[in-house]
Amino acid sequence: MHELSIALGIIDFATEEATRRNSRVTGIHLRLGPLSGVVKDALLFSYDIATADTPLAGSRLVIDEVPVVVYCPACREPRTLESMQHLACPTCGSPTPEVREGRELEVVALELEP
Amino acid sequence: MTPEPRLVEVRRKVLKQNDVIARELRERFASAGVFVVSLVSSPGSGKTALLERTLVELGARRRVAALVGDLATENDASRLARSGAPVRQITTGTVCHLDASMVQRALEGWDLEQIDVLFIENVGNLVCPASYDLGESLRLVVLSVTEGEDKPRKYPTIFDTADVAVITKIDLASAVEFDWDAAEQSIQAVRPGMPVMGVSAKTGEGMDRYIGLFDHR
């Protein structure tokens, strides 16, 4: 359960950005891949706890879950996987060690008070 | 009517701070010529026993040292210190993983020029350590024969971050009817091409090949 420290990191960054822009954060948009090692529900739960009694209390965390995208060396195409339990091309079945997307853990946008 | 909030695009990796420190560490290790190996596994996989034997065997030929993460006790560091190698404990309290800044602090006062191979034993946990780069050159994921062959499929993220899978306690393999093929398949499913090796820290079986991973670095 390291989601609380992740949530605190997100909040620190957002607060810094909002201060710099003389505003207040009302929402944070995050891209999250299944291979980031962070669980969405645990992060949402931690976010509410971590923002309580701070200027971000009541703000929302919007999580955009991105799929795992691998490169298939046989098809020479990127492929989107249904499951990270099996890194193989869904079309031809070749093993696909090259992961192109799915490790994301990044803040992509902030909602600020106008 | 309240005006709509304005949406500002930013792009910031949440663990950027950790990544920055990890990169600095990696540069320091490279310039001092230290090969850094980290070990991740679930609790009780035998990481410490494996490391104990590694420090003794590799320590006969190379200058080795270890940092060992643990939630509360210093037992592991005391065990490892018996090898005679420099060992430091990183007690994380309730934190379930090591991060790059903990490694950086633990290294204070050590002369990296005096170390050839540095081992970092992470907290026993197959989930959280996956997110944190420690500046290591090689990450080993350790899995014991008593844990079940499907563990890689249950924890694909940590296997995704590791370079080599080490299967420990192989002296117990037949007693627990460990299915090598199933384990190998499970590892290859989540990390195609990953080298897999079996060892017993008790009998020494497989140790030569395992030590070979870092002996000539």
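Residues numbered from 1 in each chain as written. Chains lettered and ligands numbered in written order. Predicted model: local features only at pLDDT ≥ 70, side-chain atom pairs only at ≥ 80, totals over all residues.

Student: How should I be thinking about the overall build of chain B in this particular structure?
Tutor: A count of helical and extended segments in chain B gives 8 helices and 8 strands. Taking 217 residues into account, the globule formula puts the C-alpha radius of gyration at 17 Å, and chain B, at 19 Å, falls close to it. Projected onto the principal axes, the alpha-carbon positions of chain B cover approximately 75 × 45 × 30 Å. Considering chain B as a whole, with its 217 residues, one finds that 47% of them fall into the buried category. Contacts spanning at least 24 positions in sequence make up 74% of the contacts within chain B whose residues lie at least 6 apart. (Helix = DSSP H or I, 4+ residues; strand = E, 2+ residues; numbered from the N terminus. Rg over C-alpha atoms; globule rule 2.2 N^0.38 Å. Buried ≥ 20, exposed ≤ 12 C-beta atoms within 10 Å, placed from the backbone. Contact = placed C-beta atoms within 7 Å.)

Student: Would you take a moment to explain the sheet that holds strand β6 (residues 138-144) of chain B for this structure?
Tutor: Strand pairing in a sheet relies on backbone hydrogen bonds, with the paired strands running either antiparallel or parallel. Residues and elements named next belong to chain B. A sheet is described by the order of its strands in space; here 7 strands give the open sequence β4-β3-β5-β2-β6-β7-β8, paired in parallel fashion. Looking at which strands have only one partner, the edges of the open sheet turn out to be β4 (87-91) and β8 (196-198). On average, each strand axis in the sheet is tilted by 20° relative to the strand beside it, whichever way the strands run. Taken together, the 5 bridges between strand β3 (residues 64-70) and β4 define a ladder with parallel strand orientation. (Pairing = 2+ DSSP bridges. Axes fitted to C-alpha atoms, helices over the stretch in contact; angles between N-to-C directions.)

Student: Which parts of the structure should I look at to understand the packing of helix α2 (residues 47-59) of chain B against helix α8 (residues 207-215) of chain B?
Tutor: Packed helix pairs are specified by the crossing angle of their axes together with the interaxial distance, meaning the distance between the axes. Residues and elements named next belong to chain B. Remark: α2 packs on α8, axes separated minimally by 11 Å, with the N-to-C direction vectors making an angle of 70°. On the basis of their axis angle, the class for α2 and α8 is roughly perpendicular. Here the hand of the crossing between α2 and α8 comes out right-handed. Together, R53, T54, E57 and L58 of α2 and M207, I211, F214 and D215 of α8 make up the contact between the two elements. Its residues assigned to classes, the contact of α2 with α8 shows 4 nonpolar, 1 polar and 3 charged. (Parallel < 35°, antiparallel > 145°, perpendicular 65-115°, else oblique. Left-handed = near helix turned anticlockwise from the far one by under 90°. Nonpolar A, V, L, I, M, F, W, Y, C, P; charged D, E, K, R; others polar.)

Student: In this structure, what is going on with the environment of V38 of chain A? I would like to understand it.
Tutor: One can find V38 of chain A in the loop between β1 (25-32) and α2 (40-51). Sequence separation between V38 of chain A and A50 of chain A is 12 residues, and the spatial gap between their C-alpha atoms is 16 Å. Not counting residues up to four positions away in its chain, the partners in contact with V38 of chain A are E3, I6, L32, L43 and L105 of chain A together with S131 of chain B.

Student: What is the right way to read the confidence of the model for chain B from this model?
Tutor: When pLDDT is low, close inspection of the predicted coordinates is not appropriate. Residue and element names in this part refer to chain B. Model confidence for chain B is summarised by a mean pLDDT of 93, while 99% of its residues fall at 70 or above. Mean pLDDT values for the elements of chain B range from 84 in helix α3 (residues 75-81) up to 98 in strand β7 (residues 164-168). Under the prediction, the complex receives an ipTM of 0.82, its pTM being 0.90. (pLDDT = per-residue confidence, 0-100.)

Student: It is not clear to me how the sheet that holds strand β5 (residues 99-101) of chain A should be interpreted in this structure. Could you clarify?
Tutor: All names here are of chain A. Here 3 strands make up an open sheet; going across it, the order is β4-β3-β5 and the pairing antiparallel. Two strands bound the open sheet, and with one partner strand each, they are β4 (77-81) and β5. Looking at each pair of strands side by side, their axes are set apart by 40° on average, direction ignored. Bridging between strand β3 (residues 68-72) and β5 involves 2 bridges; their strand directions are antiparallel. Paired with V69 across the bridge in β5 is E101.

Student: I would appreciate a short explanation of the nonpolar core in the present structure.
Tutor: Nonpolar side chains in soluble globular proteins tend to be buried together. Within the largest apolar cluster, 68 residues are counted, with the highest numbers of intra-cluster contacts made by A66, V103 and V141 of chain B. Setting aside chain neighbours within four positions, we find A66 of chain B in contact with L51, L55, L80, A85, V87, F119 and E121 of chain B. With 22 residues, the next largest nonpolar core counts I10, A50 and L56 of chain A together with V14 of chain B among its residues. (Core = buried A, V, L, I, M, F, W, Y, C linked by C-beta atoms within 7 Å.)

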